Amino acid sequence: MLKRHTPSRESVWAEWEREKRAAKRRAARGPRPERPRTPDNSEPWLKHPPQSISDLFYISDQVAEVVKKWGPKATNS
Amino acid sequence: MGSQSDEFLNGISEKSHVLLLGGLAVIAHGLSRTTEDADIWLDSMQPLEDWLAVLDEGLPEGGYYWDLLRKERVAREDLEEVVREIGVLRIGGLDRYINVFRKPNELEETDFATAWAMSVPHIGKFRLLDETFLIITKENTGRERDGIDIGFLETKLRSRFASRLSVCNAEEALSLFHRYLDHATCEAAMENPDPAVREMGLAGLRELAADGNPFAIEVLKKRE
């Protein structure tokens, strides 16, 4: 019989603290005027759902390219 | 024409059940991340001799077996010993490395039947390990990346299970709570019209609160 999964105490407390901080920020800044939300503008890596190992590796390679191009660069300092 | 890895995996999937796990499985579940190799779980309910025969049949010209512990090629006559010892063999000589597991991290060979039954038909001829099993394979590894994967999979599970728990019957709720429990799924169950499901949600919250879960403690306090 497999054991049931429950999120770890560390992750639960991290989520709790994150939510409390966000609630404090919201309370401090007061109510904001209604504004339209920006729609999700993310593009899928593939035009179709992944159908092969090659498709999944393609996604991995694309992520690696993006990280290489835009990710933090090593410095000498 | 697929890649060598695709051809190898599709070939062995015709002979035996194959589940995708590891980084590629996490990508298939929707997380954008990188990985260097493919991890699969070849049906470990079959005897080791038959398990190896499936690989032998599928191994293309130029392919070879690799011992991930000793970092060296393995001769055919030593394969059984290596698999018994570390539960995995790497296939080299293809366009990508493929790690074939007989016993994935934190799972037993006999867990394959349940994992297969709960898997998702997804990629080509093989199936994708579901989130609950995938989380188990990533526990206690000490790798930062596995921690990130677990966080992503938990978020996905929470959303999927919570949407079911607010409407499903008691039998389904019981099976979901046997697999995963957090405060959000319990709260979703408390919205269910069936009192038996609501009772499960309440019992779950009490269990979490007894373990010090601050969300569960807060929800129970509000209910008093």
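Small disclaimer: the values here were computed from a predicted structure and weren't measured.

### Details of the nonpolar core
Residue and element names in this part refer to chain B.
Thought 1: L19, L20, A25, I40, V100 and L129 are the most contacted members of the largest nonpolar core, which totals 64 residues.
Thought 2: If you count residues domain by domain, this core takes at least three from each of domain 1 (4-129) and domain 2 (144-223).
Thought 3: Apart from residues no more than four positions distant in its own chain, I40 is found in contact with L9, V18, L19, L20, L21, I98, V100 and F101.

### Looking at the pairing of strand β7 (residues 120-123) of chain B
Side-chain positions along a regular strand alternate between the two faces of the sheet.
Thought 1: Pairing of β7(B) with strand β8 (residues 126-128) of chain B, which is carried by three bridges, proceeds in the antiparallel orientation. Counted as the bridge partner of B:I123 is B:F126 from β8(B).

### Topic: the interface of chain B and chain A
Thought 1: Of the residues lining the interface, 31 residues belong to chain B; the matching set on chain A comes to 20 residues.
Thought 2: Those elements that provide at least two residues to the side of chain B that touches chain A are α1 (4-15), α2 (22-28), α6 (131-137), α7 (144-165), α8 (170-179) and α11 (214-223) of chain B.
Thought 3: When its residues are assigned to classes, the side of chain B that touches chain A shows twelve nonpolar, twelve polar and seven charged.

### Focus: α11(B)
Thought 1: Along α11(B), the residues classified as buried are B:F215, B:A216 and B:V219. Angular distribution of buried residues about the axis of α11(B) spans 95 degrees; they occupy a single face of the element.
Thought 2: For α11(B), the secondary structure elements touched by its buried residues are α1 (9-29) of chain A together with α9 (183-189) and α10 (195-210) of chain B.

### Observations regarding the confidence of the model for chain B
All names here are of chain B.
Thought 1: Taken as a whole, chain B shows an average pLDDT of 95; of its residues, 100% reach a score of 70 or greater.
Thought 2: Of all secondary-structure elements in chain B, the lowest mean pLDDT belongs to β7, at 80, while strand β6 (residues 98-101) reaches the highest, 98.
Thought 3: Both confidence scores are given for the complex: pTM 0.90, ipTM 0.88.

### Comments concerning unusual backbone geometry
All names here are of chain B.
Thought 1: Here K71, not a glycine, exhibits a phi torsion of approximately 55 degrees, which is positive.
Thought 2: The exposed category is assigned to K71, around which 8 C-beta atoms lie within 10 Å.
Thought 3: Located in the positive-phi region is N140, a residue other than glycine, with phi close to 60 degrees.
Thought 4: We classify N140 as exposed; it has 9 C-beta atoms within 10 Å.

### Focus on α8(B)
All names here are of chain B.
Thought 1: Among all positions in α8, only A173, L176 and F177 are buried. One side of α8 holds all its buried residues, which, seen down the axis, span an arc of 95 degrees. Facing away from the buried side of α8 by more than 90 degrees, the exposed set consists of E171 and S175.
Thought 2: Buried residues belonging to α8 abut α7, α9 and α10.

Scoring rules and cut-offs
Residue positions are given per chain, counting from 1 as you read along its sequence in written order. Here the convention is simple: chains get letters from A, ligands get numbers from 1, in the order in which they are written. Thresholds applied to this predicted model are a pLDDT of at least 70 for local features of residues and 80 or more for the giving and counting of side-chain atom pairs; totals over whole chains, interfaces and linings are not thresholded and use all residues. Joined through C-beta atoms within 7 Å, a set of buried Ala, Val, Leu, Ile, Met, Phe, Trp, Tyr and Cys residues constitutes a nonpolar core. In this scheme the burial state of a residue depends on its C-beta neighbours within 10 Å: 20 or more other such atoms mean buried, 12 or fewer mean exposed, and anything in between means partly exposed; the C-beta positions come from the backbone. Domain ranges listed in this record stem from an automatic or a database domain assignment. Residues are scored as being in contact if the C-beta atoms we place from backbone atoms lie within 7 Å. The pairing criterion is simple: DSSP has to find at least two bridges between the two strands. Numbered from the N terminus, helices here are DSSP runs of H or I no shorter than four residues, and strands are runs of E no shorter than two. Side-chain classes follow a simple rule in which Ala, Val, Leu, Ile, Met, Phe, Trp, Tyr, Cys and Pro form the nonpolar group, Asp, Glu, Lys and Arg form the charged group, and the remainder, Gly included, forms the polar group. Throughout, the arc means that of the directions going from the helix axis to the C-beta atoms. Per-residue confidence from the predictor is given as pLDDT, running between 0 and 100.

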